[in-house]
Amino acid sequence: MIFNVSEKRELPPVQAVAQETVIILDFGAQYAQLIARRVREEHVYSEILPFDVPWADIARRNPTAFILTGGPQSVMAAGAPHLPPELLASGRPILGICYGMQELALAAGGTIVPGRIREYGKAELIIDAVHSPLFAEVPPRSQAWMSHGDTVTALPHGFIKLAHTENCDLAAIGDPQRQWYGVQFHPEVGHTDSGRLILRNFLRKVAGLRRRWQMSSFIDSAIERIRREVGDARTICALSGGVDSAVAASLVARAIGDKLTCVFVDHGLLREHEADEVIEAFRDVLHVDLIAVDARERFLDVLAGVVDPEAKRVAIGREFIRVFEEHAKRLPGVECLVQGTLYPDVIESKTPHSATGAKIKTHHNVGGLPERMHLRLIEPLRLLFKDEVRALGRELGLPDSIVHRQPFPGPGLAVRVLGAVTQDRLALLRRADAIAREEIARSASPLPWQFFAVLTPLQSVGVMGDGRTYANLVAIRAVSSEDGMTADWARLPHELLARVSTRIVNEVAGVNRVVYDITAKPPATIEWE
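Computed from a prediction, not measured in an experiment: that's the story for all the values here.

Student: Please clarify how the overall build of the protein chain should be interpreted in this entry.
Tutor: Counting secondary structure elements, the protein chain contains 16 helices and 20 strands. Here the protein chain has a C-alpha radius of gyration of 25 Å; the compact-globule value for 529 residues is 24 Å, and the two agree. With respect to the principal axes defined by its C-alpha atoms, the protein chain has extents near 70 × 65 × 40 Å. Across the 529 residues in the protein chain, those meeting the buried criterion constitute 58%. Relative to all contacts within the protein chain whose residues are 6 or more apart in sequence, the contacts with residues 24 or more apart total 75%. Accessible area of the protein chain: about 22000 Å², with a carbon and sulfur share of 51%. Between the centroid of the 60 positive side chains of the protein chain and the centroid of its 65 negative side chains there is a distance of 1 Å.

Okay, structure coming up:
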């Protein structure tokens, strides 16, 4: 049997998990993922959908409330994205943010004009309707983050003014009767002093949502869904050794028991000693039914001469599937493949079927898959963020050594060797990376969320032993983050960075320069490719 990936990849909505669901309609916002995170931090299940998704896809999720995101366009421009007409007719509570507020006001009959004075950055927010449930316990004056050009100038019928700034008379508006609210600022970002409280007020005091999004309830619902999707078929799990695939394997094993076989593929792109550590952890410690496959040569063959990072990810994703399908044929009754795909993987790869979809990079297990496969995909974590997966791992009883293992990309060192991937360049990076991770793990407190070395395609002149060198430049990357959607560079002690640099230059032949990456995400990504 052949399965079409584009038709089979989306999981059904998680209504059994969270009876209350907030749908975030994305108009191309920079911070859409952050809104989803803020809502889930309030223990309310949220899901991001593009503004132009068919209404049937929204309705089947039975949303309790809507949040409309910001966006880069003007609501008055030709071809600007607009909310579906069914949304207002649904009678659900709505919160519009920035572009979302303007779009809500426009759809309800208000007037929007280009702003005479644009607002970008912090502004003093002055609350006019102090008794509004949206601003309960919010100080009368506080800082809010603005980023807009257009302005609402005339309120729709039923709306009242809630707040203003020096340059924006209608910085927040609301229709208490219909429970429709809009804020011109961004409550989801840290620069808005009471932003989380405002979002909490919308969820709790306006929409009346209760705390239901818990990992314990997710487990029961996910097990039921997995059993329904798998049926009587046998299943293999793509086990990388990371927390995502480990949690996915544990969850599916709890659902279908001995009908699951895990397949660990050593693609030759792992860190130093990693293959042996993964096999020992899962076969000997967790007692997982595990098949270990040595595929180092074949992955290097498909990567030969490939330098574009997108091409690398696609080539690796397709070769993974070929390996899994080959081994599935050797096991009777196998029809399904389990992957540890997460929500950030899906969001960053693309927003399907949407005019606002912006692909950041293709994740090998999302956009890198072949269009038609012989295995049906099971992705039980597809709608979870990284920190939620860790919480799920703890609920499932996985050891801390697995739950807190720092993220490692599925394409492995192929996306940390910038440019051509060869055996020699991989060996050089492995040693440099091992030194960096050893020193940081030993001396950094607290530990960064993720830390590693990158082999750049650059070479520079140096002096070693009174002689001229022309050798490789290695970059060190260490970041702090909660879920990988945003990150800041870790402020490691200078003495630690000096030790890392000295050891790499002295111990790794072919390296004469080490640099430290101090770029946040955004604008950069955590990985260099």
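Okay, back to it.
Student: In this structure, what is going on with the nonpolar core? I would like to understand it.
Tutor: One recurring pattern in soluble globular proteins is that nonpolar side chains are buried together. Within the largest apolar cluster, 84 residues are counted, with the highest numbers of intra-cluster contacts made by Phe-135, Leu-251 and Leu-392. Take this core: its biggest share by element is nine residues, from helix H8 (residues 243–256). Ignoring sequence-local partners within four residues, the contact set of Phe-135 consists of Leu-125, Ile-127, Leu-162, Ala-163, Ala-172, Phe-185, Ile-198 and Asn-201. Counting residues in each nonpolar core, the second largest holds 48 residues, with Ala-295, Val-417, Val-500 and Ile-504 among its members.

Student: For this particular structure, what's the right way to read a negative patch on the surface?
Tutor: A cluster of like negative charges, contributed by Asp-276, Glu-277, Glu-280 and Asp-284, occupies part of the molecular surface. In this structure, Glu-277 sits in helix H9 (residues 274–285). Of the residues examined, Glu-277 reaches a relative accessible area of 47% and is grouped as partly exposed.

Student: Sorry, what's going on with the sheet that holds strand E11 (residues 234–238) here?
Tutor: Sheet strands pair by backbone hydrogen bonding; their relative direction is either parallel or antiparallel. Strands sit in the order E13-E12-E11-E14-E16 across an open sheet of five strands; the sheet is parallel. Across the chains shown, the open sheet's two edge strands, defined by having one partner strand only, are strand E13 (290–294) and strand E16 (376–378). The average undirected angle you get between the axes of adjacent strands in this sheet is 30 degrees. In this sheet, strand E12 (residues 260–266) lies alongside E11 in parallel orientation, the contact comprising four bridges. Across the sheet, residue Cys-237 finds its bridge partner in E12, namely Cys-262. The strands touched by H8 are E11, E12 and strand E14 (334–338); relative to E12, the strand with the most contacts, the crossing angle is about 160 degrees. On top of the sheet, H9 reaches E12 and E13; it is set at about 165 degrees to E13, its chief contact.

Student: Would you mind going over unusual backbone geometry with me for this structure?
Tutor: What you tend to see is this: most non-glycine residues have negative phi, and most peptide bonds are trans. Cis geometry is adopted by the peptide bond preceding Pro-446, which originates at Ser-445 and carries an omega value of 0 degrees. Note on placement: Pro-446 falls in the loop between helix H15 (423–443) and strand E17 (450–464). In this model, Lys-521 is joined to Pro-522 through a cis peptide bond whose omega is -15 degrees. Along the polypeptide, Pro-522 turns up in the segment after strand E20 (511–516). The backbone of Asp-466 sits at a positive phi, close to 65 degrees, despite the residue not being glycine. Mapped onto the elements, Asp-466 comes out in the loop between E17 and strand E18 (467–480). Owing to a relative accessible area of 82%, Asp-466 belongs among the exposed residues under this scheme.

Student: Got a minute to help me understand helix H13 (residues 386–395) in this structure?
Tutor: Three- or four-residue spacings in an α-helix give side chains the same orientation, since the helix completes a turn every 3.6 residues. Among all positions in H13, only Lys-386, Glu-388, Val-389, Arg-390, Leu-392 and Gly-393 are buried. Those residues of H13 that are buried lie in contact with helix H2 (32–41), helix H7 (215–230), H8 and helix H14 (400–403). Backbone geometry just downstream of H13 places Gly-397 in the positive-phi region, at approximately 85 degrees.

Student: Sorry, what's going on with the packing of H8 against H13 here?
Tutor: Between two packed helices, what matters for the description is the angle formed by their axes and the separation of those axes. Relative orientation of the contacting elements H8 and H13 amounts to 45 degrees, with a least axis distance of 10 Å. By the angle between their axes, H8 is oblique relative to H13. H13 is crossed by H8, and the crossing has left-handed handedness. Of the residues in H13, those touching H8 at Val-243, Asp-244, Val-247 and Leu-251 are Lys-386, Val-389, Arg-390, Leu-392 and Gly-393. In terms of residue class, the contact of H8 with H13 is built from five nonpolar, one polar and three charged.

Student: What is the right way to look at the packing of aromatic side chains in this model?
Tutor: Aromatic ring pairs are reported here in terms of the distance separating the ring centres and the angle at which the planes meet. Enumeration according to the criterion identifies six aromatic pairs in this entry. For the pair Phe-27 and Tyr-99, a centre-to-centre distance of 5.4 Å together with 40 degrees between the ring planes defines the contact as tilted. On the criterion of sequence distance, the pair formed by Phe-27 in the loop between strand E2 (21–26) and H2 and Tyr-99 in helix H5 (residues 99–107) is long-range, its members being 72 residues apart. Assigned by exposure class, Phe-27 and Tyr-99 land together as buried.

Student: For this particular structure, what's the right way to read H9?
Tutor: The terminal C-alpha atoms of H9, which comprises 12 residues, lie 15 Å apart, in line with the 16 Å expected from a rise of 1.5 Å per residue. Taken together, the buried positions of H9 are occupied by Glu-274, Ala-275, Val-278 and Phe-282. Down the axis, H9 shows its buried residues gathered within 105 degrees of arc, on one side only. The exposed residues of H9 that point more than 90 degrees off its buried face are Asp-276 and Val-285. Considering only its buried residues, H9 is in contact with H8, E12, E13 and H14. Among the residues trailing H9, His-287 stands out with phi positive, at a value near 55 degrees.

About the cut-offs
- Residues numbered from 1 in each chain as written.
- Predicted model: local features only at pLDDT ≥ 70, side-chain atom pairs only at ≥ 80, totals over all residues.
- Heavy atoms only, no water.
- Helix = DSSP H or I, 4+ residues; strand = E, 2+ residues; numbered from the N terminus.
- Rg over C-alpha atoms; globule rule 2.2 N^0.38 Å.
- Buried < 20%, exposed > 50% of the residue type's maximum accessible area, 1.4 Å probe, protein only.
- Contact = heavy atoms within 4.5 Å.
- Areas by Shrake-Rupley, 256 points an atom, 1.4 Å probe, with all protein chains shown as cover.
- Lys, Arg positive; Asp, Glu negative; His and termini not counted.
- Charge placed at Lys NZ, Arg CZ, Asp CG, Glu CD.
- Core = buried A, V, L, I, M, F, W, Y, C linked by side-chain atoms within 4.5 Å.
- Patch = residues over 30% accessible without salt bridge, like charges linked within 9 Å, V, L, I, M, F, W, Y side chains within 5 Å.
- Salt bridge = Lys/Arg side-chain N within 4 Å of Asp/Glu carboxyl O.
- Pairing = 2+ DSSP bridges.
- Axes fitted to C-alpha atoms, helices over the stretch in contact; angles between N-to-C directions.
- Parallel < 35°, antiparallel > 145°, perpendicular 65-115°, else oblique.
- Left-handed = near helix turned anticlockwise from the far one by under 90°.
- Nonpolar A, V, L, I, M, F, W, Y, C, P; charged D, E, K, R; others polar.
- Phe/Tyr/Trp six-rings, centres within 6.5 Å; stacked < 30°, edge-to-face > 60°.
- Expected span 1.5 Å × (residues − 1).
- Arc of directions from axis to C-beta.

Note that all results are geometric; they support no functional claim without further evidence.
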